[in-house]
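Listed here are the chains, written in short residue letters.
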Amino acid sequence: MTKAQADELSRARMYALLGKLAPLIFLLALVIIFASLQPRFLLPLNLFNILRQVSIYGIIAIGMTFVILIRGIDLSVGAVVAMSGLCAAVVAKGGIEGRFMLSADGSGYHWALAALAAILAGTVAGLLQGMAVAWLSVPAFVVTLGGMTVFRGIALTIGNGGPISGFDEAFGWWGRGMIGPVPVPVLIFAAVALIAWVVLTQTRFGRAVYAVGSNPDAARLSGINVSGVTLSVYALIGFCSGLGGFVLASRLNSAEAVAGTGYELTAIAAVVIGGTSLYGGTGGVAGTVIGALLTGVLLNGLVILNVSPYTQQILVGLIIVAAVAFDHFIKRQSR
Amino acid sequence: MTKAQADELSRARMYALLGKLAPLIFLLALVIIFASLQPRFLLPLNLFNILRQVSIYGIIAIGMTFVILIRGIDLSVGAVVAMSGLCAAVVAKGGIEGRFMLSADGSGYHWALAALAAILAGTVAGLLQGMAVAWLSVPAFVVTLGGMTVFRGIALTIGNGGPISGFDEAFGWWGRGMIGPVPVPVLIFAAVALIAWVVLTQTRFGRAVYAVGSNPDAARLSGINVSGVTLSVYALIGFCSGLGGFVLASRLNSAEAVAGTGYELTAIAAVVIGGTSLYGGTGGVAGTVIGALLTGVLLNGLVILNVSPYTQQILVGLIIVAAVAFDHFIKRQSR
Amino acid sequence: AEPKGKDAEVTILVSPLTFAFPHFVFLTDELKDEANKLGGVTVVVADGQLSAPKQIADIEAAIVQGVDGIILAPVEADALAPVVQQAIDAGIAVVTVDRPVNGVPDVLANVAADNFKGAEAQGEAVVKAFPDGATIVNLQGIPGDKTANDRNGGAHKVLDAAGEKYVFVAEQAGNFSRDKGLEVTENILTGLAEVPQVIIAANDDMALGAAQAVDARGLKGKVAIYGYDGSEDALKAVKSGDLAATIDQFPGLQGRTAVSTLVAFIREGTRPESAEVLVAPVAITADNLDQAERVGQIGE
Amino acid sequence: MSHPSSPLGKDQQKPGRASSPGVLPFAPGSDAAPGSAPGVTAPLLEARGFVKRFFGVTVLDGVSLSLAPGEVRALLGENGAGKSTIINLLSGVHQPDGGVLLLDGAPVRFTRPLEADHAGISVIRQELSLFPDLSVAEAIFAGHLPLTRLGLVDWRQMREAARKALARLGLEIDVRAPVASLSIAHQQMVEIARALTRKSRVVIMDEPTASLSPNEVAHLGEIIAQLSAEGVAVLYVSHRLDEIRAFCQTYTVLRDGKAVSAGLVSETDIPSLIRDMAGREVEIGAAGAARQAGAPVLDLQHLASVPGGRGGQRVRDVSLVVRAGEILGLAGIVGAGRTETARMIFGLDPVGSGEILLNGRSFRAGSPAAAMAAGIGYVPEDRKGLSILPDRSVAENFALTGAVPAGPLGWNDRPGEAKALAGFVQRLGIRAASLRAPITTLSGGNQQKVILARWIALKPKLLIIDEPTRGIDVGAKEDVHSLIREIAAGGVAVLLISSDLPEVLALSDRIVTLREGETTSEQPAAHATSEGLMARMTRHG
Ligand SMILES: Nc1ncnc2c1ncn2[C@@H]1O[C@H](COP(=O)(O)OP(=O)(O)OP(=O)(O)O)[C@@H](O)[C@H]1O
Ligand SMILES: Nc1ncnc2c1ncn2[C@@H]1O[C@H](COP(=O)(O)OP(=O)(O)OP(=O)(O)O)[C@@H](O)[C@H]1O
Ligand SMILES: [Mg+2]
Ligand SMILES: [Mg+2]
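None of these values were measured; they are calculated from a predicted model. (Residues numbered from 1 in each chain as written. Chains lettered and ligands numbered in written order. Predicted model: local features only at pLDDT ≥ 70, side-chain atom pairs only at ≥ 80, totals over all residues. Heavy atoms only, no water.)

> I would appreciate a short explanation of the interface of chain A and chain B in the present structure.
Note: interface size is frequently given as the accessible area lost on complex formation between the parts. Facing the 38 residues of chain A at the interface are 38 residues of chain B. Carbon and sulfur atoms make up 77% of the surface buried where chain A meets chain B, a total of about 3,300 Å² over both sides. On the chain A side of the interface with chain B, the three residues burying the most area are A:F141, A:Y310 and A:Q313, jointly 18% of the side's total. Counting across the chain A and chain B interface gives 0 salt bridges. (Contact = heavy atoms within 4.5 Å. Buried area = accessible area lost by both parts, 1.4 Å probe. Salt bridge = Lys/Arg side-chain N within 4 Å of Asp/Glu carboxyl O.)

Right, here's the structure in full:
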């Protein structure tokens, strides 16, 4: 290898590294801008606020990363959050007064059972959608668009349109508690992200996710169980949405059918800002965490700067597009 | 050719035909079910209701067909409808009292100018998004997700959150008028669909749209201006959304920033139900018209049957998935 | 916290439900106007966007920012309680407007006109106009939304109690939007064998959409339509007879009262006589049009 | 596609029946069969009476085939004869409509590729089916990632094994690089490596050498011999008959979905194989019309690509001249920079330095459209990636370049297009059930012919053809060759890029060789030999 060639290679590597770091660079730039405009932005309290605010849709965005990696999409997550939150609430309350009771004496159940109910509801919802995608080969966009209205309808039916609120302390700890200075939902988010990272980078299942997203036909020909992977991935995002629903209900001390509206787009935005391609096969959990933080920082910073609500909407849209454009620009340089 | 082979061939041809007709068959089945449950469903009055209700998002779905054919997507259409409706309203009113005036004497302008304003606003919005997709190569999902909040923000800014209402008769004719027994918006929808059909099936541009959707690299290598086609297609859906915004404002005799919410998903659903693939390259306008009708019939029928709103949501979701699953099933049989 | 003094600079956060509804746009505008009159009051506005987490995030940001007071129309009464408590613990005075939060006794005041009560007024107006009973179409708001639920519940409470002669012949969701209200009404009118006597809608937008559907069918004047919110367009329609009535909750008054109460407390430590400052909703018909808050906007 | 001599009754789909002597001239798998490898008795894998139909068209009509351990069998046939279809049936991609598959003498059914894989059958597919986003190492082991004791992916072992497998093929590349950054040829070798790392009992290779140059082919030959010695059965498909002679012991020839002959390679010769495939006499190497070279059309002077591209600077110093009415052959081994030279001329890649003269004037195509406007046509080597519109019909694929001008308002001239296409269908023997069916229903070779037709119809002044006969059968190759000669004779300047040296020698007037991005020689084709060219293409020349 000549010196020129070696130089070229190291330059290419540097660009590739930059490409990976692009979302992080953008995030830091945003933080610096906000901090210089309003120093209170950097208060530890505010930073933990951002983390806590990000954590619930962050958990969902982690699941969404898997789905997008296999070229799928899930528009139903917001509805599943609402539905599973209501399932948790119903179990925690032991039923709904005047409509149906789950316990003989009208007393509620332990938070663990409530959490289990939420996660189970979410996972089953995901699994059903996964079946339609994998077995009926209906495009994921359609299945989950349908799922979005179906699960919202079920949520409305469960709660009869109204909220269910007022849970015990132990239930509330999962959304509002702290361990030291760190809010519990942040820890849950961190744990989910860490596990997902290990699964994606170090296990056969994780690599199969990338293979299916990169070339589903080739994956099938290589002996990868493509339907199985697809099913598992949708079950997984269902799991994440169920968990998110439980944490949200706990944090709000209330569950209702309109909860989680719009989470699908926020979660997808976090994944894509984090550098995962909508065409599948490339990206990962680390990027998603950064993408989720970026979204959180953006919303928090604009409020702290007292930007008018209408202008906020305009800026949020523009900055999200700019973030992804920046990412693509850097990645193109590395070609 | 032996008889057995000939039989098989004709069976294969029959299935291929069935595959094309699948959405139509599903639509007819739905009509029959509704009609048998509630005979009033078939009243000419109701059928024209359905047509009129379908026409505005039908116009947008026609534009969406082009976008999806080139593997794109446009989530901003609802916001663009609202924004361009407000543009039309502002022009028709000659400004907004107490905020800004467009005419010296505070009088409004002719409907034609208002319509032009709406269409121009829509087309420019589409063009800007097309540039981001074609030139910055940001995925369409992200660009138009950003566009969705940006244009909604602009709409809120224009109308300051409130509605602008009360236009003259001539303005209102485009949304509420009739030619014979046929509502004007239905005629507009039909005209747009017809032109789009001719363009897609009979012209170079239409063929380029299919080529770009089928294999963008091959299209570019064969001398097709892929960025040009992309730009045009986004400008085109902007045009359709602008037109839709004008017709909607005319129909409601009012324009406001929350108009058109959720149109993006309805339009996409109509396109996909009509058999156009989200992976680009196959499908067409005829299917979209049927898809739009199917959505309209569904919403109308469930209301006419006075199904509870909660249950409606569940049924709409399930039936949309079923329609697409049916289409895929039939198409697979024809292999 | 100690009173800041008579002419102290005051910063407050205003977080209404959503700016997609003119009701809250008007409330906020009037509130800002009052703040201007008071002088030295900086108003920071955040859009709740109908999302409890969004509103919580906005308030958390405001606490960090160190505002002196918060005026809040909570998306969800229970969900917002913890963050409101947090704000109060941080020495920030909180006034709720339009609707209360649950279980935070230290809230300075709740300036509100109950949606449930307003809908009762809507129902009573129907009973008054149709003493012999009526066939009623009910246009509900966004399914699951709190406002939609309250308004639906209030109307039902009165009309169900008034006897079996009040029959709900169709109940559908119009999602608070004019186009959906129009569409759903068209469909309902076709689906019903007999023209209903009354349409009640959970907001003015849907009522105006319904009025158009009724007009298009040549039924103008044969169906009494009841809106809700007292918006400019609705008042015009009441005046012209397209709507039978609309419910005014006096959002402007609520906004003004909220901000003056809050600022008085911050500057001078004065508490309102009662923590509940209730504004009674009024059904506005052609007869009492002059009572409507926004009547000045509709001209002659 | 009718076969009046063998009516297809339902009963013929029963196992065994199709292999009756009436259908085939020999009994496959039996000891007496002339097609079985010497000294081997029990076949490892055996297909009996395979029948397959698509859209009601019978593609395979009672084909039988066997593979014994250590046997290397060639599967021959024209484009569309059904070779890839048999492979798809053997590997569980499709299920036969009739016939039976025997593994170690016992009937089996593969409903999914996974099952064939478990049975020890690995396949190198005709169309590349790799994972563009994955690293080379991972693509090689996809579906069979090695694990550490903790059950996690063993990246280190995987990379090491991938490096070794590629080294066996004579390829040394960074196995961490994404597959998408490799050339088609290198991707092809990764695909081969993938099959080799499996402990397979049967390896099926569907045109593995279609885009390889002689060096790599030689490596592959050694590997096949080694596999055979280890007792692995190999089924080998190629249109390059010299490879068949060098690598294979036995052969089966398909024609129109039927096995028409089989036997020992040593007992036959190339002309008779060609006769079996085509069903007629094919004249090889027929000289075309005499050509007269005219004025220079394309003149490259010290052309170089932009440094710092994905694989570094591929083109460093290329100078050559192509004249009107002549065919210039551009020879080089994989990665020499031929394709990238073509891409720069055609405006697909930026030019780094040097000069492109078109008709004597300096020229830079900013885009393919501009190049086409200047009279340049380019048939790329990557058919699947850069040529075909998979969902669109044959007719629409043909019309893509707009060779038949549109009417006013851009109205498509459908009749004109149909007429032009019909001419090529005849001329090139394009075999398609319907021109309105998606192009993906055609066999690879027939797709290639449609793509060629697309560009020839454009009547360019300079036609660049990258691997024109990749995957095209011998008979059709002659058709394509005479067509290329004909358009050159018509005054078109042709730049021919091909890894198939006999093809370069047979078609070109002059030949330029490329090595590591630099032109190393230029000579009249009449004076050139394979050996001489190889020497100039490689470092040791
Ligand atoms: N999936 C499919 N659908 C329809 N027709 C098909 C399909 N696959 C193959 N065919 C048809 O089957 C026939 C045989 O094709 P096959 O790919 O087996 O040919 P081949 O011998 O491999 O040719 P080549 O040398 O060109 O690769 C062709 O006529 C082709 O059009
Ligand atoms: N900028 C590029 N973008 C995408 N692919 C490229 C680019 N440049 C070259 N290639 C691909 O890389 C491959 C190698 O091209 P190159 O010119 O180096 O080799 P070559 O001499 O044509 O060798 P061969 O074609 O035998 O692999 C080609 O298949 C080409 O399609
Ligand atoms: Mg083949
Ligand atoms: Mg090449």
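> Would you mind going over the site of ligand 1 with me for this structure?
Residue and element names in this part refer to chain D. Contacts to ligand 1 come from 19 residues, most closely from N79, K83, S84, T85 and T441. Interatomic distance of 2.8 Å between a backbone N/O atom of G80 and an oxygen atom of ligand 1. A distance of 2.5 Å separates an oxygen atom of ligand 1 from a polar side-chain atom of T85. Surface burial for ligand 1 is 85%, taken as the share of its 640 Å² of free accessible area covered by protein chains. Of all the elements in the fold, those that place two or more residues in the shell around ligand 1 are α1 (83–90) and α14 (444–456). Among the elements that line the shell around ligand 1, the one with the most residues is α1, at 3 residues. Considered class by class, the residues forming the shell around ligand 1 number 5 nonpolar, 11 polar and 3 charged. (Near = heavy atom within 4 Å. Polar contact = N/O pair within 3.5 Å; in protein donor to acceptor, adjacent residues only side chain to side chain. Areas by Shrake-Rupley, 256 points an atom, 1.4 Å probe, with all protein chains shown as cover. Helix = DSSP H or I, 4+ residues; strand = E, 2+ residues; numbered from the N terminus. Nonpolar A, V, L, I, M, F, W, Y, C, P; charged D, E, K, R; others polar.)

> I would appreciate a short explanation of the pattern of salt bridges in the present structure.
Within this structure, the stated rule accounts for 37 salt bridges over all chains. D:R198 serves as the salt-bridge partner of D:D117, at 3.1 Å between the closest nitrogen and oxygen. In this pair, D:D117 is assigned in helix α2 (residues 113–118) and D:R198 in the loop between α5 (184–197) and β7 (202–206), connecting sequence segments 81 residues apart. We classify D:R198 as partly exposed; its relative accessible area is 26%. Between D:E191 and D:R194 there is a salt bridge, with its nearest N and O atoms 3.3 Å apart. With a gap of 3 residues between them, D:E191 and D:R194 both fall in helix α5, about one helical turn apart. Across this residue pair, the class does not change: D:E191 and D:R194 are buried. Each of the salt bridges in this network shares a partner with another, and the network as a whole consists of C:E30, C:D33, C:E34, C:K37 and C:R256. (Buried < 20%, exposed > 50% of the residue type's maximum accessible area, 1.4 Å probe, protein only.)

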